[in-house]
Amino acid sequence: MKNKELTMRTKLAAEFLGTFVLVFGGCGSALIAAGFPDLGIGFVGVALAFGLTVLTMAYAVGAISGGHFNPAVSIGLATAGRFDWKDVGPYVITQVIGGAVAACVLAAIVSGRADFSTFGGFASNGYGDLSPGNYSMLAAFLTETILTGFFLIVILGATSARAVPGFAPIAIGLALTLIHLISIPVTNTSVNPARSTAVALVTLFETEAYFQQLWMFWVAPILGAVLGALTYKKIFAGRKS
């Protein structure tokens, strides 16, 4: 029992670290580097930052915890039979905490800027008036659901026994980059409830608007993950899977 508990603690530590790096690197690039005068990395740079955080941390700790770093991924993998349902709760809680700690560290860094006056949207996700491109709630819901489903299909395919070994993190990281290139203007891209919750918590210092829309960025990604997992399991995995 002691060894089993230690193993779970190690897995949760890996998930904490991976989610921390995802939020710190991805949202940090949006907050610090995206709009920097003359040298701003823009949407493409932010998309790459999110993809690279997942790629690098999947190689770093994926062998320990599976490299989920995302509640929707944990739930999707459990739906597909690739992850034990009893471990979903601890994983999700740890991912949310890891993301929240990263957001707090980012808030401390951003507020240390000489001309700091407000956190603003703090790279939060939103729809309607809070969407970067003023997209509707329906458009945002469809975008988050479809792209999370796509993400789960890539994850399940890249980590299947039939896939080429060792390349899964590259496929998954590039998939997340593509997802951001598509959807930053629509929702600022979530597909990850932990990422959305982390930055929405910081915006509570100034407004409740983003937090009030947070439900969308739990419901749509989880729905998309379940649909993606069921689609892969039904069509691609075969009966024995």
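Here we summarise the structure given alongside this text. None of these values were measured; they are calculated from a predicted model.

## A few points about the overall build of the protein
Turning to step 1, where the next piece is worked out: Within the protein, the regular secondary structure consists of nine helices and zero strands.
Turning to step 2, where the next piece is worked out: For the protein, the α and β elements follow one another from N to C terminus as α-α-α-α-α-α-α-α-α.
Turning to step 3, where the next piece is worked out: Its C-alpha atoms give the protein a radius of gyration of 17 Å, within 12% of the compact-globule value 18 Å for 241 residues.
Turning to step 4, where the next piece is worked out: Projected onto its principal axes, the C-alpha coordinates of the protein cover approximately 55 × 40 × 35 Å.
Turning to step 5, where the next piece is worked out: The buried share among the 241 residues of the protein stands at 50%.
Turning to step 6, where the next piece is worked out: Intrachain contacts of the protein at a sequence separation of at least 6 include 78% that bridge at least 24 residues.
Turning to step 7, where the next piece is worked out: Surface accessibility of the protein: about 11400 Å² in total, with carbon and sulfur atoms responsible for 69%.
Turning to step 8, where the next piece is worked out: Counting 13 positive and 10 negative side-chain charges, the protein places the averaged centre of each group 21 Å from the other.

## Here's the deal with the packing of helix α3 (residues 71-79) against helix α4 (residues 88-110)
Turning to step 1, where the next piece is worked out: Packing of α3 against α4 brings their axes to within 9 Å, and their N-to-C directions diverge by 165°. The pairing of α3 with α4 is recorded here as roughly antiparallel in orientation. Crossing angle aside, the handedness with which α3 passes α4 is right-handed. Touching Pro-71, Ser-74, Ile-75 and Ala-78 of α3 are Val-88, Tyr-91, Val-92 and Gln-95, all from α4.
Turning to step 2, where the next piece is worked out: Looking at side-chain class alone, the contact of α3 with α4 contains six nonpolar, two polar and no charged residues.

## Points about the nonpolar core
Turning to step 1, where the next piece is worked out: Counting 52 residues, the largest nonpolar core has Cys-27, Phe-122, Phe-151 and Ile-172 as its most contacted members.
Turning to step 2, where the next piece is worked out: Of all the secondary structure elements, the ones that give two or more residues to this core are α1 (2-33), α2 (42-65), α3, α4, α5 (137-158), α6 (168-187), α7 (193-203) and α9 (216-236).
Turning to step 3, where the next piece is worked out: No other element matches α4, which puts eight residues into this core.

## A short note on unusual backbone geometry
Turning to step 1, where the next piece is worked out: Despite not being glycine, Asn-188 shows a phi value in the positive range, around 70°.
Turning to step 2, where the next piece is worked out: Mapped onto the secondary structure, Asn-188 falls in the loop between α6 and α7.
Turning to step 3, where the next piece is worked out: Even without being glycine, Val-191 reaches a positive phi, approximately 50°.
Turning to step 4, where the next piece is worked out: Positionally, Val-191 belongs in the loop between α6 and α7.
Turning to step 5, where the next piece is worked out: Given a relative accessible area of 1%, Val-191 falls into the buried group.

## Section: the state of the cysteines
Turning to step 1, where the next piece is worked out: Within the structure shown, the criterion is met by zero disulfides.
Turning to step 2, where the next piece is worked out: Looking at Cys-27, it has no disulfide partner, and the nearest cysteine sulfur is the one in Cys-104, 12 Å off.

## Concerning the pattern of salt bridges
Turning to step 1, where the next piece is worked out: Applying the stated criterion across every chain yields a total of three salt bridges.
Turning to step 2, where the next piece is worked out: Between Asp-87 and Lys-86 there is a salt bridge, and its shortest N-O distance comes to 3.3 Å.
Turning to step 3, where the next piece is worked out: Given a relative accessible area of 11%, Asp-87 falls into the buried group.
Turning to step 4, where the next piece is worked out: By sharing partners, the salt bridges in this structure join Asp-84, Lys-86 and Asp-87 into a single network.

## Comments concerning the packing of aromatic side chains
Where two aromatic rings form a pair, the distance of their centres and the angle of their planes describe that pair.
Turning to step 1, where the next piece is worked out: In this structure the tally under the stated criterion is eight aromatic pairs.
Turning to step 2, where the next piece is worked out: In textbook terms, an aromatic cluster arises when at least three aromatic residues are bridged by ring pairs, as seen for Phe-116, Phe-119, Phe-122 and Phe-205.

## Overview of the environment of Ala-78
Turning to step 1, where the next piece is worked out: With respect to the helices and strands, Ala-78 occurs in helix α3.
Turning to step 2, where the next piece is worked out: With relative accessibility at 5%, the residue Ala-78 sits in the buried group.
Turning to step 3, where the next piece is worked out: Along the primary structure Ala-78 and Phe-236 are separated by 158 residues, whereas in three dimensions their C-alpha atoms are 17 Å apart.
Turning to step 4, where the next piece is worked out: Excluding residues within four positions of it along the chain, Ala-78 makes contact with Phe-83, Trp-85 and Val-88.

Conventions used here
Residues numbered from 1 in each chain as written. Predicted model: local features only at pLDDT ≥ 70, side-chain atom pairs only at ≥ 80, totals over all residues. Heavy atoms only, no water. Helix = DSSP H or I, 4+ residues; strand = E, 2+ residues; numbered from the N terminus. Rg over C-alpha atoms; globule rule 2.2 N^0.38 Å. Buried < 20%, exposed > 50% of the residue type's maximum accessible area, 1.4 Å probe, protein only. Contact = heavy atoms within 4.5 Å. Areas by Shrake-Rupley, 256 points an atom, 1.4 Å probe, with all protein chains shown as cover. Lys, Arg positive; Asp, Glu negative; His and termini not counted. Charge placed at Lys NZ, Arg CZ, Asp CG, Glu CD. Axes fitted to C-alpha atoms, helices over the stretch in contact; angles between N-to-C directions. Parallel < 35°, antiparallel > 145°, perpendicular 65-115°, else oblique. Left-handed = near helix turned anticlockwise from the far one by under 90°. Nonpolar A, V, L, I, M, F, W, Y, C, P; charged D, E, K, R; others polar. Core = buried A, V, L, I, M, F, W, Y, C linked by side-chain atoms within 4.5 Å. Disulfide = S-S within 2.5 Å. Salt bridge = Lys/Arg side-chain N within 4 Å of Asp/Glu carboxyl O. Phe/Tyr/Trp six-rings, centres within 6.5 Å; stacked < 30°, edge-to-face > 60°.

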